[in-house]
Amino acid sequence: MNREQLRKDIFPAELILKLFGNETQLPDKLKLINDYIEEVRDSFDEEVLKIIKNNQIAHIYWMSNQYPEAITHFETVVESMEPEDNPALYFLALNLVIRSTRILSKFDEALNWSIHALDNSHSATANYNLINLKEYAELLSDTKKNFDDKYVPVMQSVIDFYGIPVEVKYPIETVKLIHQMHSYWAKKLTVLEANFRESDLDFMIREYEEYATSCDIEWYRDYAKNTLVRLISKKAQA
């Protein structure tokens with residue numbers, strides 16, 4: 001496996017726009033993917049192309065709500081690589097397998113994939129571990145099963161990484177709570193940065209000060225404080 005190739009974005013931006021735009025129909029999108037893979041076949045490892053092709057096709061089916069087809073291709077991605085080959089690609093594909101099977105009410109299958117994700121938590125980022133824990137907790141709620149205590153350390157590692165002020169008492173409820181808190185502050189920061197005003201440093205300083213003061217999660221609070229330091233320094237130099 002050529003990991004360097006696997007971690008590249010090989011699809012040109014103009015092709016991505018066609019693949020995820022509303023103007024191009026599903027059969028045409030699939031043809032575009034297949035044609036492009038053939039075009040670059042001599043430049044890439046065959047196993048890498050297999051993974052990239054199936055991953056792109058899977059996302060097209062997922063966006064079209066064609067979950068059985070998406071599952072087939074996402075499973076090919078997951079089964080063709082190790083988590084370490086490209087953790088972001090691997091765990092996103094795995095998460096969408098879990099979500100797709102859950103949407104189709106294939107709870108046992110979804111739970112097996114969910115357990116597989118958590119068993120490989122050592123290769124995932126804190127963010128993906130949180131997403132996988134959330135899917136696991138939702139599946140346990142659906143199936144009325146108990147949280148396996150061996151995954152409590154995974155949850156605690158997420159809590160410690162982000163600095164979330166929560167104690168693990170009831171695991172399923174705790175997972176849902178930390179996911180809710182993380183989503184809230186992540187989205188709030190995304191909106192703040194999307195509305196960033198280079199021309200109004202005073203306004204942005206106030207906004208980041210408010211965020212840093214009110215944020216419950218240490219990781220995001222520190223991020224906001226570091227941004228504040230840069231903004232204040234920039235203002236002083238203006």
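Before any of the text, the structure's been laid out above.
This text gives an overview of the structure that appears in the document.

**Regarding the overall build of the protein**
- Assigned secondary structure in the protein consists of twelve helices and zero strands.
- For the protein, the N- to C-terminal ordering of α and β elements is α-α-α-α-α-α-α-α-α-α-α-α.
- Dimensions of the protein, computed from the C-alpha atoms along their principal axes, are close to 55 × 50 × 35 Å.
- For the protein, the residues scored as buried account for 47% of the 238 residues in total.
- Counting only contacts in the protein whose residues sit at least 6 apart along the sequence, the fraction spanning at least 24 positions is 59%.
- Taken as a whole, the protein presents about 13,000 Å² of accessible surface, with 48% of it coming from carbon and sulfur.
- Each charge sign in the protein was given a centre, from 27 positive and 39 negative side chains, and these centres are 4 Å apart.

**So, the packing of helix α4 (residues 46–63) against helix α6 (residues 87–103)**
- At a minimum axis separation of 12 Å, α4 and α6 run at an interaxial angle of 35°. Considering how the two elements wind past one another, α4 and α6 form a crossing that is left-handed. Taken together, the residues of α6 that come into contact with α4 (itself represented by Ile 51, Asn 55, His 59 and Trp 62) are Leu 89, Leu 92, Ala 93, Leu 96, Arg 99, Ser 100 and Ile 103.
- A breakdown of the residues in the contact of α4 with α6 according to their chemical character gives seven nonpolar, three polar and one charged.

**Considering the nonpolar core**
- With 78 residues, the main nonpolar core has Ile 10, Phe 147 and Tyr 220 as its most contacted residues.
- The leading source of residues in this core is α4, at nine residues.
- Apart from residues lying up to four places away in sequence, Phe 147 is in contact with Leu 133, Tyr 136, Leu 140, Val 152, Met 155, Pro 171, Ile 172 and Val 175.

**Structural notes on helix α12 (residues 218–237)**
- Under the 1.5 Å per step criterion, the end-to-end length of α12 is 29 Å for 20 residues, consistent within 8% with the ideal 28 Å.
- Every buried residue of α12 is accounted for by Tyr 220, Ala 224, Thr 227, Leu 228 and Leu 231. Around the axis of α12, the buried residues are gathered within 115° of arc, so they sit on the same side. Residues Val 229, Arg 230, Ala 236 and Gln 237 are exposed on α12 and point more than 90 degrees away from its buried face.
- Structurally, α12 contributes buried residues whose contacts are with α9 (152–162), α10 (171–194) and α11 (201–214).

**Examining unusual backbone geometry**
- For Asn 65, which is not glycine, the phi torsion reads 60° and is therefore positive.
- Of note in this structure, Lys 144 is not a glycine but carries a positive phi near 60°.
- Note that Lys 144 resides in the loop between α8 (126–143) and α9.
- Look at Lys 144 and you get exposed, because its relative accessible area is 72%.

**A closer look at the pattern of salt bridges**
- For the structure shown, the criterion picks out nine salt bridges.
- A salt bridge links Arg 3 to Asp 85; its shortest N-O distance comes to 2.8 Å. You can see Arg 3 sitting in helix α1 (residues 3–6) and its partner Asp 85 sitting in the loop between α5 (67–79) and α6, a full 82 residues away along the chain.
- A residue is classified by how much of its surface remains accessible, and Asp 85, at 6% relative accessible area, is buried.
- Between Lys 31 and Asp 35 there is a salt bridge whose closest N-O contact spans 2.7 Å. Residue Lys 31 and its partner Asp 35 are both found in helix α3 (residues 26–40); the two are separated by four residues, about one turn of the helix.

**Quick notes on α8**
- For α8, with 18 residues, the first-to-last C-alpha span of 25 Å sits near the 26 Å given by 1.5 Å per residue.
- Considered for burial, the residues of α8 that qualify are Ala 126, Tyr 128, Asn 129, Leu 130, Asn 132, Leu 133, Glu 135, Tyr 136, Ala 137, Glu 138, Leu 139 and Leu 140.
- Tucked into the core, α8 has its buried residues touching α6, α7 (107–119), α9 and α10.
- Two residues or fewer after α8 comes Lys 144, characterised by a positive phi angle close to 60°.

Reading the values: the criteria
Residues numbered from 1 in each chain as written. Predicted model: local features only at pLDDT ≥ 70, side-chain atom pairs only at ≥ 80, totals over all residues. Heavy atoms only, no water. Helix = DSSP H or I, 4+ residues; strand = E, 2+ residues; numbered from the N terminus. Buried < 20%, exposed > 50% of the residue type's maximum accessible area, 1.4 Å probe, protein only. Contact = heavy atoms within 4.5 Å. Areas by Shrake-Rupley, 256 points an atom, 1.4 Å probe, with all protein chains shown as cover. Lys, Arg positive; Asp, Glu negative; His and termini not counted. Charge placed at Lys NZ, Arg CZ, Asp CG, Glu CD. Axes fitted to C-alpha atoms, helices over the stretch in contact; angles between N-to-C directions. Left-handed = near helix turned anticlockwise from the far one by under 90°. Nonpolar A, V, L, I, M, F, W, Y, C, P; charged D, E, K, R; others polar. Core = buried A, V, L, I, M, F, W, Y, C linked by side-chain atoms within 4.5 Å. Expected span 1.5 Å × (residues − 1). Arc of directions from axis to C-beta. Salt bridge = Lys/Arg side-chain N within 4 Å of Asp/Glu carboxyl O.

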